[in-house]
There are 2 protein chains.
Amino acid sequence: MLSTPPERTERTPPTSGLDYDVGSSKAAARIRDAACEVFAAKGYGAATTREIAAELGMSPGAVYPHYKTKEALLFAIAIEGHRNVLDVISAARDGAATPTEQLRATTIAFVRWHADRRAIARVIQHELRSLSDDHFALVADVRRATTAVFDDILAAGVAAGAFAPDDAPTATLALTSLGIDVTRWFPTKQHSDADALAQQYADIVLRIAGAR
Amino acid sequence: MLSTPPERTERTPPTSGLDYDVGSSKAAARIRDAACEVFAAKGYGAATTREIAAELGMSPGAVYPHYKTKEALLFAIAIEGHRNVLDVISAARDGAATPTEQLRATTIAFVRWHADRRAIARVIQHELRSLSDDHFALVADVRRATTAVFDDILAAGVAAGAFAPDDAPTATLALTSLGIDVTRWFPTKQHSDADALAQQYADIVLRIAGAR
């Protein structure tokens, strides 16, 4: 591990969270995965880089060439997770033809992601206040792009006469909030099937959009 | 402080979280408030009883007669917070006549509580996994009573022909999830007025309920 060259030196500052390099080596990916599990299990504030390294049988010094601080790890996980969400809902949108089908498909993909990937979802949705201001701004770039996917589908549906929400930005807020909050509570005895939940939430979101 | 008699000795075990005595002295209430702020600011896992005591200018030994452990404090806060939510939505329901008015009033009260009381809301909605199993079960009693308020309003509305949700339990899940998640994100630039948000969310919840 110690022979792996540092990845984060002499990098040009990213202009947007959408093209930030989180660390492409396998070693860096393993560290992010371990950190994500530790952050999700005990909360970012209580976690230490020492524990994260121990999860991988590494010394804290072996993590350092990849991520200099615990916050740098949180940032890399947040960028990676939010970009993954954006990719997943963009693909769902691209696979559907009409705004109604797109809203259903993106809602299902969004809910599924938050039900299936609860560790990273919990970290990237609930620990962002621990990021530095600069890092938060880069993560916010990706979050805005995700919001824009839903906003654009709603706007296209309104323009086509397919949707009639009371207020389109609040509809986007509500649908993303429903999906994100799945991470907090899923599963329960009543709702333990992620597919069924995603379908039911898609029905609810179409009601919120005023789909005809 | 040290002269305050212990409150939590020789107490009969509660039969339900609905009648559990969280500690009625002013000293205990001050400790809960300080603990809630510390838990909300840095997360339960990273907080220490020493810090909580220091917030009040107390020694850790002065907290001990009131709450023996950090978990006992979390439990008292969770019971108190959830009972407060239940009281607030029950009062909102009791002040409205029809199921439609009751659903609007309870949604507004629920959203307002989570927007206005973000420190305690964050703690009681996101730190419950740190409770002991016995304590979690007592908190779950109160959560079930809250869910039942919404379930009963929806059922009354369906019976009266006023509501037509796709699935009533999922409608309750969605409306409570929307309200709880306000704690994560509120306020933003776009949504910083808790009253306006509560009204908009009430409109959305009436759509989810299929209000006529």
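The structure contained in this document is the topic of the report that follows. (Residues numbered from 1 in each chain as written. Chains lettered and ligands numbered in written order. Predicted model: local features only at pLDDT ≥ 70, side-chain atom pairs only at ≥ 80, totals over all residues. Heavy atoms only, no water.)

1. A closer look at the packing of aromatic side chains
All names here are of chain A. Going through the model one piece at a time under the given rule, you end up with eight aromatic pairs over all chains. Considering the side-chain rings of Phe39 and Tyr44, the 5.0 Å spacing of their centres and the 70° angle between planes classify their relative orientation as edge-to-face. Note on accessibility: Phe39 and Tyr44 belong to one class, buried. Ring centres 5.8 Å apart and planes at 65° place the aromatic pair Trp185 and Phe186 in the edge-to-face group. A cation sits over an aromatic face here: Lys68 above Tyr64, 4.7 Å from the ring centre. When the ring centre of Tyr44 is taken as reference, the NZ or CZ atom of Lys70 above it lies at 4.3 Å. (Phe/Tyr/Trp six-rings, centres within 6.5 Å; stacked < 30°, edge-to-face > 60°. Buried < 20%, exposed > 50% of the residue type's maximum accessible area, 1.4 Å probe, protein only. Lys NZ or Arg CZ within 6 Å of the ring centre and 35° of its normal.)

2. Structural notes on the relation of the copies chain A and chain B
For the pair chain A and chain B, the best superposition has an RMSD of 0.0 Å and corresponds to a rotation of 180° with a translation of 0.0 Å parallel to the axis. Taken together, these values place the two copies in the relation of a two-fold axis. Within chain A, the C-alpha atom positioned nearest to the axis of rotation is that of A:Ala46, 2.1 Å from it. Same-surface contact between copies: 100% of interface residues of chain A are shared with the interface of chain B. (Least-squares fit on C-alpha atoms with pLDDT ≥ 70 in both. Contact = heavy atoms within 4.5 Å.)

3. Describing the interface of chain A and chain B
Each partner contributes residues to the interface: chain A has 36 residues there, and chain B has 36 residues. Across the chain A to chain B interface the summed buried area is about 2800 Å²; carbon plus sulfur atoms make up 53%. For chain A, the biggest contributors to the area lost against chain B are A:Arg129, A:Arg184 and A:Arg207; these three give 24% of the whole. Connecting chain A to chain B are two salt bridges. Salt-bridge contacts for A:Arg207 lead to B:Asp166; the nearest nitrogen and oxygen are separated by 3.0 Å. Our enumeration of links across chain A and chain B arrives at 17 residue pairs in polar contact (both at pLDDT 80 or more). (Buried area = accessible area lost by both parts, 1.4 Å probe. Salt bridge = Lys/Arg side-chain N within 4 Å of Asp/Glu carboxyl O. Polar contact = N/O pair within 3.5 Å; in protein donor to acceptor, adjacent residues only side chain to side chain.)

4. Focus: the side chain of A:Arg32
Residue and element names in this part refer to chain A. Looking at where Arg32 falls in the secondary structure, it is placed in helix α1 (residues 26–42). In terms of polar contacts, Arg32 uses its side chain to reach the side chain of Tyr67, at 2.7 Å. Ignoring any residue separated from it by four or fewer positions in sequence, one finds Arg32 in contact with Val22, Gly23, Tyr67, Leu73, Ala76, Ile77 and Glu80. (Helix = DSSP H or I, 4+ residues; strand = E, 2+ residues; numbered from the N terminus.)

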